[in-house]
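Spelled out from the first residue to the last, the chains are:
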Amino acid sequence: MDLRIFTEPQQGATYDTLLTVAKATEDLGFDAFFRSDHYLRMGGVDGLPGPTDAWITLAGLARETKRIRLGTLMTAGTFRLPGVLAIQVAQVDQMSGGRVELGLGAGWFEEEHRAYGIPFPKEKFARLEEQLAIVTGLWATELGKTFDFHGTYYDLTDSPALPKPAQKKIPVLVGGHGATRTPRLAAEFADEFNIPFASIEDSERQFGRVRAAAEEAGRGVDALTYSNALVVCVGRDDREVARRAAAIGREVDELKANGLAGSPAEVVDKIGRYAAIGSQRIYLQILDLDDLDHLELISAEVQSQLS
């Protein structure tokens, strides 16, 4: 079971804070550092000092880290043209020496689009399908050949399909709860399927749909990696768990029901239950980015039992 650190910087974080967390992620033996792609805070926080851009952040971290994988859960398809996104991600992959992964989603948070003047189209899912085809198609085009795509929303003619990533193939993540179109897109384009903030039962059901779609598409059921994203709140005792829950504005019982919360033993047990239904990787949503002791505890007493 891989454990990855997943951050939500729109809630309030500077680049320096993210760099500190990314370096701790690397030093403590976690597999990867991922971040959300949002420009507006959610809930009752002030979001200060303001948003950071996902791919600018990852470009900086690419030069400041050496081992960990770097990526997004999920890059919003509404924020960037697919040809531009393919260039950005390929460049960051080169800067990292081949450690980048791209999670790409349709985009959903309408309020942040209004706040920053970003168009919020009605047909987001159909656009996402074309975006996935374009990004992966540009990267896969052989050197010296050109790429063309003529769709409903995007039109590319004689693209040189450059630059190329450092990796032969950048892993692509598709995720979500949709019962039909999401599994189909994952089966066609993804190397990993991620379901965010889902119960064990819902995860098992959705993994089954994706496996069936992969088989129907002519891929083996094990062609994809299956993962979860879950909020985490671990403490050495009940008091520490309660303190960490309060720091992120959550209740302990709710966190235990909907995430990974409690003592290290409780969290290891619940991760084991996710593993039993086929989850191979968990993105630990860290909401208090100043609590590095939390990461140290998870590394020492949770990750060590899963290695």
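Figured I'd write up the structure that's included with this text. This structure is a prediction, so every number in the text was calculated from the model and none was measured. (Residues numbered from 1 in each chain as written. Predicted model: local features only at pLDDT ≥ 70, side-chain atom pairs only at ≥ 80, totals over all residues. Heavy atoms only, no water.)

With respect to empty space enclosed by the protein
Then step 1. Taken as a whole and judged by the stated rule, the model has one cavity of 30 Å³ or more.
Then step 2. Quantified by volume, the largest cavity comes out at close to 80 Å³.
Then step 3. As for the largest cavity, its lining consists of V232, C233, R244, A247, I248, I286, L287, D288, D291 and H294.
Then step 4. Put simply, the parts of the chain that give the lining of the largest cavity at least two residues each are β10 (225–234) and α8 (238–247).
Then step 5. The residue makeup of the lining of the largest cavity, split by class, is six nonpolar, one polar and three charged. (1 Å grid on protein atoms, 1.4 Å probe; cavity = no way out; pocket = protein on both sides within 12 Å on 5 of 7 lines; lining within 4 Å. Points joined across faces, edges and corners; volume = space filled by probe spheres on them. Helix = DSSP H or I, 4+ residues; strand = E, 2+ residues; numbered from the N terminus. Nonpolar A, V, L, I, M, F, W, Y, C, P; charged D, E, K, R; others polar.)

Considerations on the pairing of β10
Then step 1. Of all ten residues in β10, nine are buried, a share of seventy percent or more.
Then step 2. Sheet analysis places strand β9 (residues 192–196) next to β10, joined by five bridges and oriented parallel. Looking at the pairing, P196 lines up with A229 of β10.
Then step 3. Since β9 and β10 lie parallel, the crossover through helix α7 (residues 200–216) that links them has a hand, and here it is right-handed.
Then step 4. Taken together, the five bridges between β10 and strand β12 (residues 281–286) define a ladder with parallel strand orientation. Within the sheet, the bridge partner assigned to V231 lies in β12 and is Q285. (Buried < 20%, exposed > 50% of the residue type's maximum accessible area, 1.4 Å probe, protein only. Pairing = 2+ DSSP bridges. Right-handed = clockwise from strand over helix to strand, strands pointing away.)

Looking at unusual backbone geometry
Then step 1. Following L48, the chain continues into P49 via a peptide bond in cis, with omega recorded as 15°.
Then step 2. Position of P49 among the secondary structure elements: in the loop between β2 (32–35) and α2 (54–64).
Then step 3. The omega torsion of the bond from L162 to P163 falls at 0°, within 30 degrees of zero and hence cis.
Then step 4. Even without a glycine there, the phi angle at A161 is positive, about 55°.
Then step 5. With respect to the helices, strands and loops of the structure, A161 is situated in the loop between β7 (155–159) and β8 (172–175).
Then step 6. Residue A161 is classed as buried on the basis of its relative accessible area of 3%.

With respect to the nonpolar core
Then step 1. Counting 76 residues, the largest nonpolar core has W55, L102, W139, L284 and V302 as the members making the most contacts within it.
Then step 2. Element by element, the count of residues in this core is highest for helix α5 (residues 124–140), at eight residues.
Then step 3. Not counting residues up to four positions away in its chain, the partners in contact with L284 are L3, R4, I5, F6, F30, L230, V232, L260 and I298. (Core = buried A, V, L, I, M, F, W, Y, C linked by side-chain atoms within 4.5 Å. Contact = heavy atoms within 4.5 Å.)

Examining the packing of aromatic side chains
The geometry of two aromatic rings is summed up by the distance between their centres and the angle between their planes.
Then step 1. Here the structure, examined in full by the defined rule, presents six aromatic pairs.
Then step 2. Ring pairing ties together the aromatic residues Y39, F79 and Y116, which thus form one cluster.
Then step 3. Lying over the aromatic face of Y226, R211 brings its terminal NZ or CZ to 4.4 Å of the ring centre. (Phe/Tyr/Trp six-rings, centres within 6.5 Å; stacked < 30°, edge-to-face > 60°. Lys NZ or Arg CZ within 6 Å of the ring centre and 35° of its normal.)

Remarks on helix α3 (residues 82–96)
Then step 1. Its 15 residues give α3 an end-to-end C-alpha distance of 21 Å, which sits within 8% of 21 Å, the value for a rise of 1.5 Å per residue.
Then step 2. The set of residues buried in α3 consists of P82, L85, A86, V89, A90, V92, D93 and S96. When α3 is viewed along its axis, its buried side chains cluster within an angular range of 165° and face the same direction.
Then step 3. Turning to α3, the residues buried within the fold contact α2, β3 (69–72), β4 (75–76), β5 (100–105) and α5.
Then step 4. Within two residues after α3, G97 carries a phi angle of roughly 75°, on the positive side. (Expected span 1.5 Å × (residues − 1). Arc of directions from axis to C-beta.)

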